[in-house]
Number of protein chains: 2
Amino acid sequence: MANVQNIKGMRDHLPKDMLLRQHIVAVITQVCQRHGFDPLQTPIVEYAETLEGKLGDDESLIYRFEDHGGRRLALRYDQTVPLARVVAQYANQITLPWRRYAIGPSYRGERPARGRYREFYQADADIVGSNSPLADAEIISLLNEVLTELGFPGFVTLLNHRQIIGGIARVSGLDEQSAGSVYRAIDKFDKIGADGVRNDLLKSGVSEAAADRILALVQIDGSSDAVLEALSEQLADDERASAALENLRAVIVGLAAMGVPEERYRITARLARGLSYYTGVVFEANTPHWPEGSLLGGGRYDELIGQFAGRPVPTVGLAFGIDRLHDVMLELNLGPVSTTAAQVFVTIFNAETTAASLDLARELRAAGLNTLIGLDTKAGLGKQFKEADRKGVPFAAVLGPDELAQGVVVLKDLRSGEQRSLPRNEVVAALMSYNGAHNA
Amino acid sequence: MANVQNIKGMRDHLPKDMLLRQHIVAVITQVCQRHGFDPLQTPIVEYAETLEGKLGDDESLIYRFEDHGGRRLALRYDQTVPLARVVAQYANQITLPWRRYAIGPSYRGERPARGRYREFYQADADIVGSNSPLADAEIISLLNEVLTELGFPGFVTLLNHRQIIGGIARVSGLDEQSAGSVYRAIDKFDKIGADGVRNDLLKSGVSEAAADRILALVQIDGSSDAVLEALSEQLADDERASAALENLRAVIVGLAAMGVPEERYRITARLARGLSYYTGVVFEANTPHWPEGSLLGGGRYDELIGQFAGRPVPTVGLAFGIDRLHDVMLELNLGPVSTTAAQVFVTIFNAETTAASLDLARELRAAGLNTLIGLDTKAGLGKQFKEADRKGVPFAAVLGPDELAQGVVVLKDLRSGEQRSLPRNEVVAALMSYNGAHNA
């Protein structure tokens, strides 16, 4: 017998999974479209060279291989580097600023672990070619709408800016070289706490005084206005940090005008975000109901696209991890959970009534109902009820000789076992109302 | 500067392409769901061994590679072999008969050519675990609905059965070995014509008498009933062919009961279809408006899944080639062609009116309109009109201090240049009605 296993870390998604994943993708797609984002699709495979030199420490995770012609290829690591390639390659077909979304798989050449897959799906949304804080605000507003529509409870988007962390390092007396270790230490704050970060800083050669100053700054908490105020005071001597704080303030103003509720975002200098190509605003969304990590994140990267295009193309964007959202929604009991999208199973009584059953099925489908039909004209009703029930279909319809003679259809609720006889022209409405109630 | 090319034969799809592709995918998804098909997704990468030994002559086209651990892997060739793997691997989670659809990319390790890509997208729909002719009919009915909803003019589905071709070879006096060459010769009928097929048959050692008999049989044309009648008479001595004709007759009866118009299908013994794993009914859809090849095809394959599952699992299915449908729809001017899904561009008059413009945008989005906003508060209206127009957005909305004072919005039709002032509460309706008229 042939090999019957999927590759570890690359998952099969049966209908129960897929129906929830499709729901997530549909919500993201709708929100993106409403915001005027247009779809882009790039190949799964890229020249390895295209991906190399952009990912910093993560470069070793690129899923590389050679094709038969000896070309060095790779399965794409994300959809951001391919976006940068596309903006350069099709510059004359794209009007900037360009809002695009892209939904598809990306790959990592790493050992799979809980929540980390070799193949995973992401939905990216980016605004290419604008340095306006309104662009940053729009991306965060989009994040806010998606998580709200998906029903995530109590989520908060944390905001920071790369130049605030840089400023904190500088005003603490560190040179540009040491700023990297500040960055890496802060990135672990949630995992190792203030003491852990302090130890890390000291180990990397930061003085006690500087470490204390850094820790005091990254632990400033409060309302967005209060945090901005406090940081502005503390970082007043650093020009780049001051500009970054001004920029963040404009983002906040944009968020308010876009109707994002104040309790949905918070500024904190503790947020680092891993990807080396971020240059400005960074953000990530968390919910206290799922403390294991962030739901998703993103930020501004003004230099990556220029690496391909040969001119500066400021860009801000985010990536929804479909697998992460799916896993968390399952854990928090959010979203639809069913094993089939079929709403009714039209049984076949016998060979003579087959055409009538097929006709009923056609009528139900025309009304928009997802309708299965029996395929075995000799199966008998009991077997068909059982088949429908095992599949998770809520209703079975029966149209035997008696029903045909009386102009009725018997509708059987497969969960309760209850069945009722309805005039044929009322069947659609009965199924629709169940479905409406069921989804409410 | 980094490499800025996609890999040859693996295409980027910019929004103009993607909007049409999304339309195709949406129609297929809706029709599948209405028929009670549920979604499945499998990884892009499979063990090479999983794909090998199932594809006959096409096996050399498998896109193979080795990963870093030296494992022999492959990008999937189609979505059918992964389906077979899934049915075996998750047997206890699947209730047969199982209708599943799957939409995603597959790969060929071949030289790209016009209409042939290394990466291409397919939408598969299969009914697993039923040998009922109603299953074959349902798949063909689904094909019929999809092509009808996509607006393909004058298409016809050609139907045949593998055992009819086998019977033709047998009654012409050929042994099982020679049947293969009959099959390959007939497959080229449309390209090389009757004389070409005759030559091919003679070259492969078939006698003149046998070749003439074969050609007479495969050229029987007429109504489905007439062709079935004539072939039944001619193949009466061959048991398997007679059973196949009986089976085809039952499929035709199912198609009629499912409401597929008679002019939409035709039985012809000329249809071969390439894939070696077909065992029963085979079909393909063509339109005279695009004579370069078939639109799509499929058939019954009762043995492939058993190769994994270790027990017979009769299955019938089809694959819509998204790339093929897309290419043909463009050539025949079917379907939507636009460069953006955005419906309106809300301009920003100046920094003071920004919040009001963002508020209007929010209102339009809440009404379901795909709404872009200006990002540059100093751009000026002219520049924003130009941006919107270059993107292909049909309307721009203006909300300056005058409009705000009067409670109106100016709506500019960017194609005609015409602009009118509307009470704010009429803007949604005006844009909606344009959009309705535009899509009609």
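Sequence order as written defines residue numbering, which begins from 1 separately in each chain. Key to labels: chains lettered from A, ligands numbered from 1, both in the order written. The predicted origin of the model limits local features to residues at a pLDDT of at least 70 and limits the giving and counting of side-chain atom pairs to 80 or more, whereas totals for whole chains, interfaces and linings rest on all residues. Hydrogens and waters are ignored; side-chain quantities use all the structure's heavy atoms.

All right, on to the overall build of chain A then. Numbering of helices and strands runs from the N terminus; a helix is a DSSP stretch of H or I covering at least four residues, while a strand is a stretch of E covering at least two. Counting its secondary structure elements, chain A contains 16 helices and 16 strands. Projected onto its principal axes, the C-alpha positions of chain A cover 90 × 55 × 45 Å. Residue burial is assigned from relative accessible area. The probe radius is 1.4 Å, only protein chains are included, and a residue is buried under 20% of its type maximum, exposed over 50%, and partly exposed in between. Put simply, chain A has 440 residues, and 58% of those count as buried. Residue contacts follow a heavy-atom distance rule, with two residues in contact if any of their heavy atoms lie within 4.5 Å. Relative to all contacts within chain A whose residues are 6 or more apart in sequence, the contacts with residues 24 or more apart total 67%. To be clear on the numbers: accessible area is Shrake-Rupley with a 1.4 Å probe, and residue cover counts the displayed protein chains and nothing else. Carbon and sulfur atoms make up 48% of the accessible area of chain A, which totals about 17,400 Å². Across chain A, the centroid of the 46 positively charged side chains sits 6 Å from that of the 56 negatively charged ones. His is not counted, nor are the chain ends, whereas Lys and Arg count as positive and Asp and Glu as negative. Note on charges: their place is set at NZ of Lys, CZ of Arg, CG of Asp or CD of Glu.

On to the sheet that holds strand β4 (residues 72-75) of chain B. All names here are of chain B. When DSSP locates at least two bridges between a pair of strands, those strands are taken to pair. Spatially, 3 strands are ordered β2-β4-β3 in an open sheet, and the strand pairing comes out antiparallel. Strands with a single pairing partner mark the edges of an open sheet, and in this sheet they are β2 (45-47) and β3 (63-66). The average undirected angle you get between the axes of adjacent strands in this sheet is 40°. Bridge count for β3 against β4 is 4 bridges, and the pairing is antiparallel. The residue bridging Arg 64 from the neighbouring strand is Ala 74, located in β4. Helix axes are fitted to C-alpha atoms over the stretch in contact, other axes to C-alpha atoms as well, and angles between N-to-C directions run from 0 to 180 degrees.

This part takes up the side chain of A:Asp413. Residues and elements named next belong to chain A. As for its placement among the helices and strands, Asp 413 is situated in strand β15 (residues 408-413). Any Lys or Arg side-chain nitrogen found within 4 Å of a carboxyl oxygen on Asp or Glu counts as a salt bridge. For the buried Asp 413, which has no salt bridge, the nearest side chain bearing the opposite charge is Arg 415, at an N-O separation of 5.6 Å. Those residues within four positions of Asp 413 in sequence are excluded, and the remaining contacts are Pro 394, Phe 395 and Glu 418.

Moving on, we come to the domain arrangement of chain A. Residue ranges labeled as domains rest on an automatic or database domain assignment. Each domain of chain A was delimited in the assignment, giving domain 1 (15-332) and domain 2 (344-439). Placing the centre of domain 1 of chain A and that of domain 2 of chain A at their C-alpha centroids yields a distance of 50 Å.

Centre distance within 6.5 Å is the pairing criterion for rings of Phe, Tyr and Trp, where only the six-membered ring of Trp is used; planes under 30 degrees apart are then read as stacked, over 60 as edge-to-face, and the remainder as tilted. Under the defined criterion, the tally for this structure stands at 10 aromatic pairs over all chains. With a centroid separation of 6.5 Å and 75° between ring planes, the pair formed by A:Tyr63 and A:Tyr107 is classed as edge-to-face. Residue A:Tyr63 is located in strand β3 (residues 63-66), and its partner A:Tyr107 is located in strand β5 (residues 98-107); the two are separated by 44 residues in the primary sequence. Exposure class is identical for A:Tyr63 and A:Tyr107. Each is buried. Among the aromatic residues, those joined into a cluster by ring pairs are A:Tyr63, A:Phe65, A:Tyr107 and B:Phe65. Charge-over-ring placement is defined geometrically: NZ (Lys) or CZ (Arg) within 6 Å of the ring centre, and within 35 degrees of the ring normal. Stacked on the ring of A:Phe189, the Lys or Arg A:Arg270 has its end atom at 5.2 Å from the ring centre. Its end group placed over the ring of B:Tyr117, B:Arg11 keeps NZ or CZ at 3.7 Å from the ring centre.

What follows deals with the pattern of salt bridges. Inspection of every chain in the model, using the stated rule, returns 51 salt bridges over all chains. Note that A:Arg270 is salt-bridged to A:Asp221, the shortest N-O span being 3.5 Å. Placement of A:Arg270 in the loop between β8 (265-267) and β9 (281-286) and of A:Asp221 in the loop between α8 (208-218) and α9 (224-234) is noted, with a sequence separation of 49 residues between them. Note that B:Arg100 and B:Asp126 form a salt bridge whose closest N and O atoms lie 2.8 Å from each other. With a gap of 26 residues between them, B:Arg100 in strand β5 (residues 98-107) and B:Asp126 in strand β6 (residues 119-128) connect regions that are remote in the sequence. By the burial criterion, B:Arg100 is buried, and B:Asp126 matches it. Overlapping salt bridges bring together A:Glu52, A:Glu59, A:Arg64 and A:Arg72 as one network.

Moving on to helix α7 (residues 189-203) of chain B. Residue and element names in this part refer to chain B. Expected span of a helix: the number of residues minus one, times 1.5 Å. Compared with the 21 Å implied by 1.5 Å per residue over 15 residues, the 15 Å span of α7 between its first and last C-alpha is markedly short. To obtain the bend at a residue, axes are fitted to the seven residues ending there and to the seven starting there, and the angle between these axes is taken. The largest bend in α7 comes to about 75°, at Asp 195. Every buried residue of α7 is listed here: Phe 189, Gly 196, Val 197 and Leu 201. Buried residues along α7 sit in contact with α6 (176-187) and α8 (208-218).

Quick look at the relation of the copies chain A and chain B now. Superposition of the copies was done by least squares, using only C-alpha atoms of residues whose pLDDT is at least 70 in both. Screw-axis analysis of chain A against chain B gives a translation of 0.0 Å along the axis, an RMSD of 0.1 Å, and a rotation angle of 180°. In symmetry terms, the pair is related by a two-fold rotation axis. Identified as the residue of chain A closest to the rotation axis by C-alpha distance is A:Phe65, at 3.4 Å. Looking at chain A, 100% of its interface residues are interface residues in chain B too, so the copies touch through the same face.

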